[in-house]
Amino acid sequence: MENLEYKKLLAELTGKTSVSGYEYKFSKFLKNEISKYCNNIEIDYFSNVIATFNSGLNLKKKKIMLTAHIDEIGLMVKSIDKNGFIKFTNIGEVDPKILLSQEVKIHGKRELLGVIGSIPPHLIENYNKHNVVDIDKLYIDTGFSKYELDEIISIGDVISFNVELISLNSNYISSKALDNRAGICTLIGVMNELKKFKYYNETTFNFTSMEETASAGVINSSYRIEPDLAIVIDTCFGKVQGGANEDTFVLGNGPVISIGPNFNSDYSKQIIKIARDEKISHQIDVEPGNSGTEAWATQISRNGIPTLLISIPIKYMHTPIEVMNIDDINLSVKLITNFLMKQ
Amino acid sequence: MILEELSNLSGISGDEKDIRDYIMEKIKNYVDNIRIDSIGNLIALKKGKNSDLKLMLAAHMDEVGFIVKSINDDGTIKFATIGGFDNRILPGKKIFIGKEKKPGVIGILPIHLQSSARKKRVFSLNELYIDIGSDSKERTEKIIDIGDYISFKGNFKRLGQNYYMSKALDDRVGCSILIDIILQTELLDFDLVICFTVQEEVGTRGAEVIAYSEEPDAAIVVEGTTASDVPDVKDSMTSTKLAAGPVLTIMDRASYSNKNLVRFINQIAESKNIKIQYKNTVTGGNDAGKIQRSRNGVKTAVISVPVRYIHSPTSVIYEKDYINTNKLVFEVIREFSFNKI
Amino acid sequence: MFDTIAKLTKVSGVSGNEEKIRNLIIDEAKEYVDNVIIDNIGNLTLVKKGTGKKIMLSAHMDEIGLMITHIDENGFLRFSSIGGIYKLIALGQRVIINSNIHGTVYFEEKIKSYGDLNISKMFIDIGVNCREEAKKIVKIGDVATFVGEAVMANKNIIAKSLDNRAGCAVLIKLIKENINTDHEIYYTFTVQEELGMRGAKTAAFDLMPDLAVVVDVTSTGDIPECPLMEVSLGKGPAIKIKDSSVICHPIVRDLLKLAAKKNNIPYQYEILEFGGTDTASILLTGGGIVAGAVSIPCRYIHTPSESVNLDDLKNSVRILKNFILEVK
């Protein structure tokens with residue numbers, strides 16, 4: 001197996017749309033993308049893509065599940081006014097402060113380009129430049145009339161940001177939806193690595209839907225998979241101005257391993273030891289309660305699943321300009337593969 | 001398409017070279033004289049049968065943007081805005097820096113890490129920064145210089161079936177129309193001087209110089225003007241509307257149009273069946289302000305294309321407004337005679 | 001339909017105290033079904049047996065109310081809320097405790113601003129003079145419901161607890177339609193929805209249906225100066241797209257739409273930005289259940305004067321009936 005070109009893979013993964021609850025097309029794309037690694041791939045009723053990795057060797061008893069969510073935040077059509085301006089609501093947590101003047105795609109019967117606008121500041125009564133424009137004061141302008149729009153889009157259609165992945169300086173990239181295409185990219189990287197070795201564990205790669213809305217995908221799929229160990233791959237906050245040191249992590253310094261009540265302490269210790277022994281640059285996140293990831297729900301599925309969380313730091317989470325460092329994918333793949341080989 | 005190519009080029013006030021070079025290339029074979037003045041204005045002359053009187057056409061080449069102010073220790077970039085910006089649109093945007101168009105993004109603390117008070121308040125300019133994917137001042141300094149100009153990426157697109165969306169439509173619509181006028185106009189009775197001005201967005205400075213040096217007898221400014229036919233705006237506050245035709249300005253903050261000239265333009269529009277609209281508010285201002293007050297005064301008028309979300313990377317125009325503005329300016333020039341105004 | 005609603009809203013069934021409403025529903029509908037199941041937490045399921053798909057139609061039967069927490073020496077009752085109560089709207093309202101004790105909700109008048117009002121500064125007056133007298137007729141833990149008899153206002157019904165007796169009425173009507181189908185239908189009336197969608201979870205786990213549709217009420221955007229929402233009274237049942245706890249399964253959403261379109265039944269789409277329903281509980285049960293919802297547009301939810309439209313109720317029955325017929 002050759003090494004994967006992660007930037008290219010990420011450009012492909014982020015170029016697709018997969019807003020929470022509307023992942024089906026992406027699921028089909030992903031199934032195709034990973035078919036060369038796994039022979040048994042199921043897309044379930046909730047658009048989870050569940051792929052069993054089988055090395056063909058005599059399997060050990062331990063059943064391992066790796067999960068990364070496939071959904072992204074977005075917007076949803078709420079109403080269309082008489083002049084064709086579209087009001088919308090958010091799917092997942094979206095900061096209204098980043099929405100003005102964004103280009104968006106509305107996924108109706110066909111894709112429509114639109115731009116987000118609001119009342120111009122000089123026409124606002126008692127205008128205060130510090131006040132945020134609330135999401136219900138924003139609208140999308142598509143250049144179509146209401147009459148035309150009624151044929152193409154309907155209430156409930158989802159909306160995504162119209163951006164492409166760009167390369168920044170050195171190994172940094174920027175795109176929408178790096179949360180959590182970075183996680184998906186990592187898992188595909190792990191599959192690719194496992195093919196190179198003799199690997200004896202029954203392993204399920206679980207690409208889950210609806211993480212941004214109540215973790216519905218992983219709640220349903222982990223109940224059915226019933227693994228002995230779960231490793232959740234997600235993104236965490238990159239270090240930015242105004243973010244507390246203990247909550248944010250440096251891009252390029254490697255995967256973030258979380259420790260705390262949400263995670264199995266034996267496995268946590270083991271993976272940290274492996275990182276140290278193998279000299280894989282990594283960071284530690286102390287999480288005293290809810291990790292805010294799929295790990296929280298996974299840990300208490302059925303009679304409990306020992307769970308680990310590996311995160312890739314990204315900056316500006318949930319914006320169209322999320323930033324990450326490709327090195328972190330390399331390091332994460334290396335760490336997870338090493339850990340899996342030792343199970 | 002010239003409008004598309006012009007809009008996708010960047011030319012922040014003070015850094016209009018790319019625009020100027022592009023226009024120069026397009027028009028140089030169609031004019032009798034062409035020069036670039038000390039501040040950077042591009043001035044083209046089409047000589048008439050008689051050179052006693054001179055009509056000026058003006059459009060500004062510059063657009064709003066940013067400039068690198070300083071580089072932070074963490075490798076991010078502090079920037080200042082150039083021209084009038086609604087700073088609320090800045091977070092979460094992609095931008096390009098310097099001659100080599102190095103990509104960067106305007107970062108913002110993720111909403112999950114914002115306090116509830118922070119969530120309700122806009123990030124002001126001094127809280128924003130540009131991230132180019134560098135973790136130290138030294139790394140950033142290797143590729144970015146203080147003073148580098150920063151612009152939004154060219155993104156000209158069709159919106160719906162009848163609209164265009166782009167950055168910098170103010171005033172590439174004007175530049176594009178004036179190029180067309182140069183290419184189409186036949187020999188006139190008077191001298192026609194076509195000026196592509198600089199630094200309109202930072203105080204209509206190019207126009208001030210040009211009006212002094214060219215001493216026109218009358219001038220028509222071709223602009224992009226703000227349209228506010230959007231939700232939550234009262235009809236009485238709607239300055240101009242899209243799909244309602246070229247805009248004539250009676251008065252704005254900077255100039256009072258010459259009544260006879262406006263009447264003449266209106267007559268031409270009527271006779272050619274071009275529907276026009278008058279600007280319903282007296283806000284805004286443009287190069288006409290400086291030209292009107294130059295030397296012993298110049299008769300001015302402004303013909304504009306209405307633009308929604310002006311000064312944002314997602315400005316929107318109605319295609320036919322643009323076409324009709326072009327047509328109106330063309331007809332006005334063709335029919336123009338100084339004894340009619 | 002009005003008579004059924006009048007009967008259902010008259011009975012008290014505050015979350016956790018659904019016995020009376022459950023008995024009423026059993027009496028109304030048991031002769032039409034094959035089996036009656038009451039589970040450990042109190043959910044009621046009326047089963048219409050079949051050999052095809054297992055379809056669960058679910059409506060919660062509990063309502064919001066007040067629980068008596070303290071009786072003071074002068075016989076005034078202090079209370080806490082069960083479910084979401086609007087404090088201001090509760091002031092001056094009549095309540096009934098234990099089906100026969102009448103009282104009035106009021107507040108400590110020393111409060112300077114309504115903004116300072118909270119439940120601990122409010123009380124119920126049941127017309128007694130001292131603690132001993134009060135204790136003869138109420139005890140700590142008794143529950144109170146607001147008074148709000150069902151009446152017609154043009155084509156709308158006004159009543160208390162239309163959330164969700166309206167949904168219960170739709171299901172009862174549906175049971176009585178005797179739909180000709182091979183599918184096994186579970187008509188489930190859940191408990192404790194107002195306390196966090198609790199009943200639906202266990203009912204769904206027990207039944208493990210192939211498909212589930214929740215019938216509940218939803219807010220509207222058709223009253224003066226209210227937040228934007230594209231749901232109006234009288235414009236048909238609302239097919240839920242999402243609420244704050246769930247994105248409905250596209251299979252259910254699309255089948256409901258098909259059922260409506262094919263039969264010319266008016267319908268609307270619902271995007272509820274604040275508030276949830278049993279749908280989320282069911283969708284997340286036992287490895288996942290394909291679930292969606294039909295919502296009855298309702299104004300003034302959680303007040304004693306909730307309002308629904310009679311045609312919307314009738315059309316909800318029609319959509320659900322045709323939905324069952326559409327399931328292959």
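Everything that follows concerns the structure shown earlier in this document.
Predicted, not measured: the structure shown is a model, and the values here were computed from it.

(A) Spotlight on the overall build of chain C. Summing up its helical and strand segments, chain C has 9 helices and 18 strands in all. For 328 residues, the compact-globule estimate of 2.2 N^0.38 gives 20 Å, and the C-alpha radius of gyration of chain C, at 20 Å, lies within 12% of that figure. Dimensions of chain C along its principal axes, counting C-alpha atoms only, are 65 × 45 × 40 Å. The burial tally for chain C puts 52% of its 328 residues in the buried class.

(B) Layout of the overall build of chain B. Counting its regular elements, chain B contains 9 helices and 17 strands. Taking 341 residues into account, the globule formula puts the C-alpha radius of gyration at 20 Å, and chain B, at 21 Å, falls close to it. If one aligns the C-alpha atoms of chain B with their principal axes, the spans along those axes are about 65 × 45 × 40 Å. In chain B, which comprises 341 residues, the share counted as buried stands at 53%. Counting only contacts in chain B whose residues sit at least 6 apart along the sequence, the fraction spanning at least 24 positions is 76%.

(C) Structural detail: the interface of chain A and chain B. Contact with chain A, which involves 50 residues of that partner, is made by 48 residues of chain B. At the level of elements, β7 (111–117), β8 (139–141) and β11 (172–175) of chain A are the ones that each hand at least two residues to the side of chain A that touches chain B. Here the side of chain A that touches chain B gets 3 residues from one element, more than from any other, and that element is β7 of chain A. A per-class count over the side of chain A that touches chain B returns 23 nonpolar, 17 polar and 10 charged.

(D) Summary view of the sheet that holds strand β15 (residues 283–286) of chain A. Residue and element names in this part refer to chain A. Here we have 8 strands laid out as an open sheet, ordered β1-β2-β12-β3-β13-β16-β14-β15, and mixed in their pairing. Two strands in the sheet have a free side with no partner beyond their single neighbour: β1 (40–43) and β15. Between one strand and the next, the sheet's axes are offset by a mean angle of 25°, whatever the strand orientation. Where strand β3 (residues 63–69) meets strand β13 (residues 229–237), 4 bridges bridge the pair, whose relative direction is parallel. Residue pairing in the sheet places M65 in a bridge with A230 of β13. Helix α4 (residues 178–194) rests against β2 (49–53), β3, β12 (202–208), β13 and β16 (307–314) of the sheet, and its axis sits at about 135° to β13. With respect to the sheet, helix α5 (residues 216–225) is in contact with β2, β3, β12 and β13, its orientation differing from that of β12 by roughly 160°.

(E) Structural detail: the nonpolar core. Membership of the largest hydrophobic core comes to 280 residues, with the highest contact counts inside it found for L57, L178 and I317 of chain B together with L57, A166, L171 and V213 of chain C. Apart from residues lying up to four places away in sequence, L57 of chain B is in contact with L178, I181, L192, I194, C195, I220 and V222 of chain B. Counting 23 residues, the second largest nonpolar core, distinct from the first, contains I64, L77, F123 and I126 of chain C.

(F) Geometry of the interface of chain C and chain A. Facing 18 residues of chain C, the contacting portion of chain A comprises 20 residues. Every element with two or more residues in the side of chain C that touches chain A is listed here: β14 (238–243), β15 (246–247), β16 (268–271) and α8 (278–283) of chain C. Grouping the constituent residues of the side of chain C that touches chain A by class yields 11 nonpolar, 4 polar and 3 charged.

(G) Region of interest: the sheet that holds β11 of chain A. Residue and element names in this part refer to chain A. If you trace the 3 strands from one edge of the open sheet to the other, you get β10-β11-β17, paired in antiparallel fashion. Looking at the sheet topology across the chains shown, the edges are occupied by β10 (166–167) and β17 (322–325). Here β10 runs beside β11; their pairing, made up of 2 bridges, is antiparallel. Bridge pairing in β11 places S167 opposite I173.

(H) Spotlight on unusual backbone geometry. Omega for the bond connecting D179 of chain A with N180 of chain A falls within 30 degrees of zero, at 15°, which places this linkage in the cis form. Structurally, N180 of chain A is set in helix α4. In this chain, D170 of chain B is followed by D171 of chain B through a cis amide linkage whose omega measures 10°. Within the secondary structure, D171 of chain B is located in helix α5 (residues 169–184). In the Ramachandran plot, Y316 of chain A falls in the positive-phi region, its phi being about 55° despite a non-glycine side chain. With respect to the helices and strands, the residue Y316 of chain A is situated in the loop between β16 and β17. Within the chain, T204 of chain B stands out as a residue other than glycine whose phi angle is a positive 45°. Mapped onto the elements, T204 of chain B comes out in the loop between β12 (191–197) and α6 (205–214).

(I) Structural view of the packing of helix α7 (residues 250–262) of chain C against helix α9 (residues 310–326) of chain C. Residues and elements named next belong to chain C. At a minimum axis separation of 8 Å, α7 and α9 run at an interaxial angle of 110°. Relative to α9, the element α7 is oriented roughly perpendicular. Between α7 and α9 lies a crossing whose hand is right-handed. Contact with α7, carried on its side by L255, L256, L258, A259, A260 and K262, involves I319, N322, F323 and E326 of α9 and no other residues of that element.

(J) Looking closely at helix α2 (residues 17–27) of chain B. Residue and element names in this part refer to chain B. Those residues of α2 lying buried are I19, I23 and I27. Down the axis, α2 shows its buried residues gathered within 45° of arc, on one side only. Contacts from the buried residues of α2 go to α1 (2–8), β2 (42–46), α5 and β12.

(K) Structural context of the environment of H318 of chain A. Relative to the helices and strands, H318 of chain A resides in the loop between β16 and β17. For the pair formed by H318 of chain A and A275 of chain A, sequence separation is 43 residues and the distance between their alpha carbons is 29 Å. With sequence-adjacent residues up to four places away left out, H318 of chain A is seen in contact with I73, G92, E93, V94, D95 and D179 of chain A together with P110 and I111 of chain B.

(L) Geometry of the pairing of strand β5 (residues 86–91) of chain A. Residue and element names in this part refer to chain A. Here strand β4 (residues 74–80) pairs with β5 via 6 bridges, running antiparallel. Each bridged residue has a counterpart across the sheet, and for V77 the counterpart in β5 is F88. Once β4 ends, the chain turns through 5 residues before running back antiparallel as β5, passing G84 with a positive phi of about 90°.

(M) Layout of the pairing of β7 of chain A. All names here are of chain A. Of all the 7 residues making up β7, 5 are buried; the element is thus mostly covered by neighbouring parts of the structure. Bridge analysis of strand β6 (residues 103–107) against β7 gives 5 bridges, and the strand direction is antiparallel. Across the sheet, residue K105 finds its bridge partner in β7, namely L113. Counting the residues in the hairpin turn of β6 and β7 gives 3 residues. By the bridge criterion, 3 bridges tie β7 to β8 in an arrangement that is antiparallel. Bridge pairing links G117 to Y139 in β8.

(N) Focus on the packing of helix α7 (residues 259–271) of chain B against helix α9 (residues 319–335) of chain B. All names here are of chain B. Across the interface, α7 lies against α9 with an axial gap of 10 Å and an inter-helix angle of 110°. By the angle class used here, α7 and α9 are roughly perpendicular. The hand of the α7/α9 crossing is right-handed. Contacts between α7 and α9 involve I265, I268 and A269 from the first element and L328, E331, V332 and E335 from the second. In terms of residue class, the contact of α7 with α9 is built from 5 nonpolar, no polar and 2 charged.

(O) Expanded view of the environment of E132 of chain C. Residue and element names in this part refer to chain C. With respect to the element layout, E132 can be found in helix α4 (residues 131–137). What makes E132 exposed here is the crowd of 11 C-beta atoms within 10 Å. For E132 and D72, which are 60 residues apart along the polypeptide, the C-alpha to C-alpha distance reads 9.6 Å.

Cut-offs used in this document
- Residues numbered from 1 in each chain as written.
- Chains lettered and ligands numbered in written order.
- Predicted model: local features only at pLDDT ≥ 70, side-chain atom pairs only at ≥ 80, totals over all residues.
- Helix = DSSP H or I, 4+ residues; strand = E, 2+ residues; numbered from the N terminus.
- Rg over C-alpha atoms; globule rule 2.2 N^0.38 Å.
- Buried ≥ 20, exposed ≤ 12 C-beta atoms within 10 Å, placed from the backbone.
- Contact = placed C-beta atoms within 7 Å.
- Nonpolar A, V, L, I, M, F, W, Y, C, P; charged D, E, K, R; others polar.
- Pairing = 2+ DSSP bridges.
- Axes fitted to C-alpha atoms, helices over the stretch in contact; angles between N-to-C directions.
- Core = buried A, V, L, I, M, F, W, Y, C linked by C-beta atoms within 7 Å.
- Parallel < 35°, antiparallel > 145°, perpendicular 65-115°, else oblique.
- Left-handed = near helix turned anticlockwise from the far one by under 90°.
- Arc of directions from axis to C-beta.

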